[in-house]
Amino acid sequence: NAGVMQNPRHLVRRRGQEARLRCSPMKGHSHVYWYRQLPEEGLKFMVYLQKENIIDESGMPKERFSAEFPKEGPSILRIQQVVRGDSAAYFCASSPRTSGSTDTQYFGPGTRLTVL
Amino acid sequence: AQKITQTQPGMFVQEKEAVTLDCTYDTSDPSYGLFWYKQPSSGEMIFLIYQGSYDQQNATEGRYSLNFQKARKSANLVISASQLGDSAMYFCAMRVNPGYSSASKIIFGSGTRLSIRP
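Source: prediction; values computed, not measured.

Draft legend 1. Spatial organisation of the overall build of chain A. When its secondary structure is counted, chain A shows zero helices and eleven strands. Each helix and strand of chain A, placed in order from N terminus to C terminus, yields the pattern β-β-β-β-β-β-β-β-β-β-β. Taking the principal axes of the C-alpha coordinates as reference, chain A spans close to 45 × 25 × 25 Å. Buried positions account for 44% of the 116 residues belonging to chain A. In chain A, the share of contacts with a sequence separation of at least 24, taken over all contacts with a separation of at least 6, comes to 53%. Accessible surface for chain A amounts to roughly 6000 Å². Of this, 47% is attributable to carbon and sulfur atoms. A distance of 7 Å separates the average location of the 17 positive side-chain charges in chain A from that of its 11 negative side-chain charges.

Right, here's the structure in full:
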């Protein structure tokens, strides 16, 4: 049973380019979360999605950032016109739909974005 | 406001000793969940242990136990018989607005860097 998959693991972009980060949740999981970790800091919530729906995007910057979780395929976090301050590790997590669970979120290995 | 506080930025412990990592939290929600995650130098986030706010007993998972003191709003992680492989960043986290679905965001503390000395 594969865990949460993220790709690429490392991404380098120049200022002004677009970054696309992909996340495939664990099998059977229908909830996806994106978090950002700046160097030497804890993770900060960005967005929570279910299939074809954004449920909570309270942590997303208002501009340049968008996320989707289509009916088919992985969840995508998209950052347009990247700036140096976007350099961070971006983690995806997933959790199952089953109620009464521990509600644990299982994390992917992260994508480390470096903006030159 | 919901908040997680970890006051120990770094700790050094001798191998085979027990270690306690401190965590306090703040929430007005009567139902919440508390987690500990380990982040080794490779960067991945590894789930260690979970404690629900209504759980009567402290959670344990192998060498990990969670010292849950609800009145004091603390959820300290205890690692018994520490090993060199325990060297990593440790994050305390809280799930807010749990409801009946498993769909809740997690708030993280700033982390504690644990170093185990041989």
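Draft legend 2. Highlighting the state of the cysteines. For the structure on display, the rule yields two disulfides over all chains. Each disulfide pairs two cysteine sulfurs, and for cysteine 23 of chain A the partner residue is cysteine 92 of chain A, the sulfurs being separated by 1.7 Å. Its torsion about the S-S bond being -50 degrees, the disulfide of cysteine 23 of chain A and cysteine 92 of chain A is classed as left-handed. Here cysteine 92 of chain A lies in strand β9 (residues 88-96) and cysteine 23 of chain A lies in strand β3 (residues 19-24), a separation of 69 residues in the sequence. The disulfide partner of cysteine 23 of chain B is cysteine 92 of chain B, and the S-S distance across this bridge is 2.0 Å. Its torsion about the S-S bond being -65 degrees, the disulfide of cysteine 23 of chain B and cysteine 92 of chain B is classed as left-handed. Taken together, the positions of cysteine 23 of chain B in the loop between β3 (19-21) and β4 (24-26) and cysteine 92 of chain B in strand β10 (residues 88-95) put the pair 69 residues apart, joining distant regions of the chain.

Draft legend 3. Focus on the sheet that holds strand β7 (residues 65-68) of chain A. Residues and elements named next belong to chain A. In spatial order, the strands read β1-β3-β8-β7; together these four strands make up an open sheet with antiparallel pairing. Two strands in the sheet have a free side with no partner beyond their single neighbour: β1 (5-7) and β7. Direction aside, the axes of adjacent strands within the sheet are offset by 15 degrees on average. Note that β7 and strand β8 (residues 75-79) share four bridges and pair antiparallel. Paired with glutamate 68 across the two strands is isoleucine 76, which belongs to β8.

Draft legend 4. Spotlight on the pairing of strand β2 (residues 10-14) of chain B. All names here are of chain B. Of the two faces of β2, the one holding Met11 and Val13 is buried and the one holding Gly10, Phe12 and Gln14 is not buried anywhere. Inspection of the sheet shows β2 paired to strand β12 (residues 112-117) by five bridges, in the parallel sense. Bridge pairing in β12 links glycine 10 to arginine 113.

Draft legend 5. Broad picture of the pairing of strand β6 (residues 46-52) of chain B. Among the seven residues that make up β6 of chain B, five are buried, leaving the element largely enclosed by the rest of the structure. Turn length for the strand β5 (residues 33-39) of chain B-β6 of chain B hairpin, with the two strands adjacent in sequence and antiparallel, is six residues, and the turn residue glycine 43 of chain B shows positive phi of about 105 degrees.

Draft legend 6. Representation of the nonpolar core. Counting residues in each nonpolar core, the largest one holds 26 residues, and the members touching the most others are Leu34, Trp36, Ile49, Leu77, Tyr90 and Leu114 of chain B. Put simply, the parts of the chain that give this core at least two residues each are β2, β3, β5, β6, β8 (64-69), β9 (74-79), β10 and β12 of chain B.

Draft legend 7. Spatial organisation of unusual backbone geometry. Residues and elements named next belong to chain A. A cis geometry characterises the amide bond from asparagine 7 onward to proline 8, with omega recorded as 0 degrees. As for its position among the elements, proline 8 is in the loop between β1 and β2 (10-13). A positive phi is found at arginine 64, a non-glycine position, where the angle reads about 75 degrees. Within the element layout of this structure, arginine 64 appears in the loop between β6 (53-56) and β7.

Draft legend 8. Expanded view of the side chain of glutamine 51 of chain B. Residues and elements named next belong to chain B. Tracing the backbone through its elements, the reader meets glutamine 51 in strand β6. Using a relative accessible area of 0% as the deciding quantity, one classes glutamine 51 as buried. A distance of 3.0 Å separates a polar side-chain atom of glutamine 51 from the backbone oxygen of glutamine 57. Within the local environment of glutamine 51, its side chain forms a polar contact with the backbone nitrogen of alanine 59, the two atoms lying 2.8 Å apart. In contact with glutamine 51, not counting residues within four places along its chain, are Tyr32, Gly33, Leu34, Gln57, Asn58, Ala59, Leu66 and Phe68.

Calculation notes
- Residues numbered from 1 in each chain as written.
- Chains lettered and ligands numbered in written order.
- Predicted model: local features only at pLDDT ≥ 70, side-chain atom pairs only at ≥ 80, totals over all residues.
- Heavy atoms only, no water.
- Helix = DSSP H or I, 4+ residues; strand = E, 2+ residues; numbered from the N terminus.
- Buried < 20%, exposed > 50% of the residue type's maximum accessible area, 1.4 Å probe, protein only.
- Contact = heavy atoms within 4.5 Å.
- Areas by Shrake-Rupley, 256 points an atom, 1.4 Å probe, with all protein chains shown as cover.
- Lys, Arg positive; Asp, Glu negative; His and termini not counted.
- Charge placed at Lys NZ, Arg CZ, Asp CG, Glu CD.
- Disulfide = S-S within 2.5 Å.
- Pairing = 2+ DSSP bridges.
- Axes fitted to C-alpha atoms, helices over the stretch in contact; angles between N-to-C directions.
- Core = buried A, V, L, I, M, F, W, Y, C linked by side-chain atoms within 4.5 Å.
- Polar contact = N/O pair within 3.5 Å; in protein donor to acceptor, adjacent residues only side chain to side chain.

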